[in-house]
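Now for the letters of each chain:
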Amino acid sequence: MHLSIVIPAFNEERLIGQCLQSVSTSLTANYKPGFTSETIVVDNNSTDNTAELARQAGARVVFEPVNQIGRARNAGAAQATGDWLLFIDADSLLNPGLLADILQVIEEGKHVGCGSVIRMEGLQWWANAMLNLWTAVSIRYRWAAGALVMCRTDAFREVGGFNQELYAADEITLSQELARWGQQRGLQFSILTRHPLETSPRKVLLYSSQEIFGQLLRVLLSPRRSLQDKKQLPIWYDGRR
């Protein structure tokens with residue numbers, strides 16, 4: 001088994017080191033004969049020290065000049081040599097238990113891929129309610145959160161990877177495509193729940209509730225227009241860190 005871990009990163013010098021350390025710790029805790037891995041950080045046109053810090057931590061760095069999350073993930077996948085792909089956001093922390101669950105999914109041979117529920121510390125009540133709602137929807141419809149998606153490399157390439165017409169929610173369309181691909185072959189796409197992925201609550205800390213609800217409302221009222229136009233998605237793309 002060879003696992004390619006792909007981490008898209010735009011101006012993540014504050015968090016990329018912690019993310020890569022969590023990956024290294026989880027890999028060490030789950031070492032077994034026959035299991036190999038590689039870690040690829042996609043520098044998505046950063047203007048800070050993200051790429052150099054990633055290299056210092058031992059990751060292979062790939063450059064993607066167009067600032068778009070799906071394009072960055074696809075750029076990393078294009079350079080990957082593993083038969084399985086694990087996409088993790090740079091502001092997230094992998095844990096040994098979650099990686100163990102992922103490896104078990106792979107070894108069972110019954111899945112095309114999986115996602116994970118997520119945990120954010122220190123959320124305000126309304127943000128925690130939104131996270132709980134997302135968790136219920138994610139499990140019910142088997143939609144992966146963008147912070148973590150794992151899948152077979154051949155399936156990923158056959159369905160076309162992340163949809164580059166979208167600047168957000170491309171993980172949902174990929175989940176749907178992978179589920180259909182798997183269903184045709186008797187394979188499942190599942191959401192793991194035992195060991196949540198810890199991810200940063202920074203959007204809730206950096207943006208007001210009015211900004212967040214305004215962004216969500218625009219997406220709900222005009223999903224196609226909003227998701228295909230980076231200017232309509234400032235919470236994802238204005239660079240606030």
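The structure this text deals with has already been given above.
Presented here is an overview of the structure given in this document. (Residues numbered from 1 in each chain as written. Predicted model: local features only at pLDDT ≥ 70, side-chain atom pairs only at ≥ 80, totals over all residues. Heavy atoms only, no water.)

### Observations regarding the sheet that holds strand E1 (residues 2–9)
Here's step 1: The sheet built from 8 strands is open, its strands ordered E3-E2-E1-E4-E7-E6-E8-E5 with mixed pairing. Edge positions in the sheet fall to strand E3 (60–63) and strand E5 (92–93), since each has one partner strand and no second.
Here's step 2: Relative to strand E8 (residues 188–199), strand E6 (residues 111–119) runs parallel, the two sharing 7 bridges. Note that in E8 the partner of Ile118 across the bridge is Leu197.
Here's step 3: This element, helix H1 (residues 16–29), spans E1, strand E2 (36–43), strand E4 (84–88) and E5 of the sheet and lies at about 170° to E1. (Pairing = 2+ DSSP bridges. Helix = DSSP H or I, 4+ residues; strand = E, 2+ residues; numbered from the N terminus. Contact = heavy atoms within 4.5 Å. Axes fitted to C-alpha atoms, helices over the stretch in contact; angles between N-to-C directions.)

### Concerning the packing of aromatic side chains
One pair of aromatic rings is described through two measures. These are the centre distance and the angle between the planes.
Here's step 1: With the rule as written, the count across this model stands at 6 aromatic pairs.
Here's step 2: Measuring from centroid to centroid gives 5.3 Å for Phe87 and Phe156, while their planes differ by 35°, and the two rings are tilted. Of this pair, Phe87 sits in strand E4 while Phe156 sits in helix H6 (residues 153–158), and the two are 69 residues apart along the sequence.
Here's step 3: Relative to Phe213, the ring of Trp126 has its centre 5.4 Å away and its plane inclined at 45°; by these criteria the two rings are tilted. Pair noted here: Trp126 is in helix H5 (residues 125–141) and Phe213 is in helix H9 (residues 209–221), with a separation of 87 residues, a long-range link. (Phe/Tyr/Trp six-rings, centres within 6.5 Å; stacked < 30°, edge-to-face > 60°.)

### Considerations on the environment of Pro96
Here's step 1: With respect to the secondary-structure elements, Pro96 resides in helix H4 (residues 96–108).
Here's step 2: Separated by 70 residues in sequence, Pro96 and Ser26 have C-alpha atoms that sit 4.2 Å apart.
Here's step 3: Setting aside anything within four residues of it in sequence, one finds Pro96 in contact with Ser26, Ala29 and Asn30.

### Things to note about the side chain of Ser175
Here's step 1: If you trace the backbone, Ser175 turns up in helix H7 (residues 170–183).
Here's step 2: When near neighbours in sequence (up to four residues on either side) are disregarded, Ser175 contacts Arg142, Trp143, Ala144 and Phe189.

### Observations regarding H1
Here's step 1: Helix length check: H1 (14 residues) gives 20 Å between terminal C-alpha atoms against 20 Å at 1.5 Å per residue, within 8%.
Here's step 2: Of all the residues in H1, the buried ones are Ile16, Cys19, Leu20, Ser22, Val23, Ser26 and Leu27. Axial view of H1: buried residues confined to an arc of 155°, hence all on one face. More than 90 degrees from the buried face of H1, the exposed residues found are Thr28 and Ala29.
Here's step 3: Summarising the contacts, the buried residues of H1 are in contact with E1, E2, helix H2 (50–56), E4, E5 and H4. (Expected span 1.5 Å × (residues − 1). Buried < 20%, exposed > 50% of the residue type's maximum accessible area, 1.4 Å probe, protein only. Arc of directions from axis to C-beta.)

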